Amino acid sequence: MFQNISDKKTVHIETLGCRLNQIESEGAADFFSKGGFNVVMKGITASDNVDEKVILALINTCTVTAKAEQKARRIMRLLLKKYPSALVLVTGCYAQVAKKEIESIDKRILVLPGRVKSRLIEIPALVNDVINLKKTDAELTGGNIQISEKIKKIIENKICLKPVSDTSENPFLLSSDTFLHHSRASLKIQDGCNNRCSYCEICIARGLSVSLDAGEVLNRVLKLKEAGHREIVITTVNAAQYRSEYEGQSIDIAGLLELLLKKTKDVSFRFSSLYPQIIDEKFSELLKDKRVRPHFHLSVQSGSDNVLKNMNRPYKAEQVLKAVMLLKKARPDCFTACDIIAGFPGETDEDFEKTVKLVKECGFTYVHAFPFSPRPNTKAYSMKPHVPEAVTQKRVQKLLDYSVKAKIDYINSICGTVRTAIVETSHSKILKKGISDGKEIINAVTDNFLHCRVECTKGQLPEAGEEVDIEIILPLEDEIKKNAEMEVHAKLCS
């Protein structure tokens with residue numbers, strides 16, 4: 001009954017949400033690849049063909065909003081439809097908080113809670129046991145059942161039934177110096193969160209804060225550099241909670257950056273996100289180093305002290321402004337971005353206008369604005385009064401309109417300048433009249449995090465992951481207004 005299943009060695013991996021999920025999916029992909037599997041990480045679409053060769057579909061989920069969970073369920077159903085022979089294994093933050101809800105969707109779905117995501121490294125060997133007919137386990141002798149059922153049984157019994165603790169289990173195990181789906185390297189140094197922000201489920205989904213030992217961070221950075229990476233994205237849930245020791249000295253996030261700059265060369269660092277309270281004189285002084293990318297994304301959420309208090313955020317609006325001023329003093333040309341939640345329960349018009357005022361005073365280049373989404377198991381879920389949806393949407397739109405103009409103005413202010421960039425993808429030609437007609441094209445991300453469509457002369461095409469110099473030509477205004485990925489037209493410097 002298992003004839004011809006040995007060629008069913010394809011694993012499809014879908015990733016939703018934050019950069020931590022992206023890193024962990026890349027780590028899982030590396031383990032599956034080393035286990036002899038063909039790994040596909042391209043997002044599935046409704047137009048894709050049915051594929052019987054996919055034996056396992058893994059989806060790494062997000063729970064930050066109800067919309068993220070809805071998207072996860074849609075992709076699960078698509079995976080079930082397109083891969084009829086596959087077990088759909090669901091992990092990540094949504095899997096941690098809604099196991100029964102997810103498993104009720106279909107019998108071919110199995111949930112691996114997010115806090116034990118590291119157990120994914122055990123799965124390639126177990127799946128190979130099923131494929132290779134190693135009947136040493138009782139669960140492999142169950143008669144004429146589908147291969148997906150056999151895989152589900154062995155993963156469930158060997159992996160999923162183990163207990164789950166309050167902290168992530170082996171949270172830094174899914175690490176790799178090989179990235180199948182990304183050109184820029186990322187390194188997770190902290191996971192979980194000890195804050196109990198009233199709106200957030202992440203502290204529940206990922207557990208208490210844990211930090212990667214500073215010496216091990218340095219070792220992994222050196223390994224990534226040896227693998228040829230010129231930029232490393234330092235990734236955290238909450239950078240303010242990073243704590244370690246090095247040579248008998250306590251180290252926070254500033255101390256870690258100081259250590260990395262001192263002990264390495266020819267590699268640059270970018271922070272995935274920062275919190276206002278960690279940006280002081282010492283930290284901003286370190287940011288002057290040219291090997292720190294001048295792109296800083298702050299978790300802000302509101303400009304109203306009243307709302308911040310109700311959110312249980314550990315800072316006030318004045319501290320946000322001070323942090324941004326320090327960043328701009330250290331790196332005058334930096335790209336600054338922030339997250340803002342609009343329509344938090346009890347947010348008045350006056351509260352919102354304070355947020356708009358703060359955003360403008362800080363001069364943020366980009367605002368990631370989104371409506372409040374009540375999450376179960378959080379204090380804000382039952383907070384009142386609710387802000388009407390129409391009011392919330394108007395507030396979101398006002399912030400997005402500001403963001404579009406701010407980004408275009410920022411790009412216009414640096415037109416004609418040369419920036420360092422990391423090549424992400426290459427294309428032989430893009431026929432786009434008026435911009436790149438017949439030119440060879442690369443996509444690249446600059447040091448200040450601008451996504452560029454870069455034209456090259458014939459025979460000049462660099463490889464993905466290569467560091468290059470590019471000249472900023474103009475903003476792609478139509479793309480920016482559509483919130484598309486590409487933001488800048490540039491050209492490769494000779």
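Residues numbered from 1 in each chain as written. Predicted model: local features only at pLDDT ≥ 70, side-chain atom pairs only at ≥ 80, totals over all residues. Heavy atoms only, no water.

A. Quick look at unusual backbone geometry. Lys384 connects to Pro385 through a cis peptide bond whose omega is 0°. Mapped onto the elements of the fold, Pro385 is located in the loop between strand 15 (366-371) and helix 14 (389-413). Unlike most non-glycine residues, Asn170 shows phi in positive territory, near 45°. Tracing the chain through its elements places Asn170 in the loop between helix 6 (147-160) and strand 6 (185-188). The residue Phe449 is not glycine, and still its phi comes out positive at about 65°. Assignment of secondary structure puts Phe449 in the loop between strand 17 (440-446) and strand 18 (451-456). (Helix = DSSP H or I, 4+ residues; strand = E, 2+ residues; numbered from the N terminus.)

B. The arrangement of the environment of Ser268 in detail. Here Ser268 is to be found in strand 12 (residues 268-271). Judged by relative accessible area, Ser268 falls into the buried class, the value being 8%. Once residues lying within four places of it in the same chain are set aside, the contact partners of Ser268 are Arg230, Glu231, Ile232, Arg291 and Arg293. Among the polar contacts made by the side chain of Ser268, one reaches the side chain of Arg293 at a distance of 3.5 Å. (Buried < 20%, exposed > 50% of the residue type's maximum accessible area, 1.4 Å probe, protein only. Contact = heavy atoms within 4.5 Å. Polar contact = N/O pair within 3.5 Å; in protein donor to acceptor, adjacent residues only side chain to side chain.)

C. Summary view of the packing of helix 8 (residues 214-226) against helix 9 (residues 253-263). It is at 10 Å that the axes of helix 8 and helix 9 come closest, and there the two elements cross at 40°. In terms of their interaxial angle, helix 8 and helix 9 are classed as oblique. In this structure, helix 8 meets helix 9 at a crossing whose hand is right-handed. For the pair helix 8 and helix 9, contact is made by Ala214, Val217, Leu218, Val221 and Leu222 and by Leu256, Leu259, Leu260 and Lys263, respectively. (Axes fitted to C-alpha atoms, helices over the stretch in contact; angles between N-to-C directions. Parallel < 35°, antiparallel > 145°, perpendicular 65-115°, else oblique. Left-handed = near helix turned anticlockwise from the far one by under 90°.)

D. Spotlight on helix 9. Burial of helix 9 is extensive: eight of the 11 residues sit out of reach of the surface. Those residues of helix 9 not exposed but buried are Ile253, Ala254, Gly255, Leu256, Leu257, Leu259, Leu260 and Leu261. Packed against the buried residues of helix 9 are helix 8, strand 9 (231-235), strand 10 (244-246), strand 11 (249-251), strand 12 and helix 10 (281-286). The backbone nitrogen of Ala254 lies 3.2 Å from a side-chain oxygen of the residue at the head of helix 9, namely Asp252.

These figures capture arrangement, not role.
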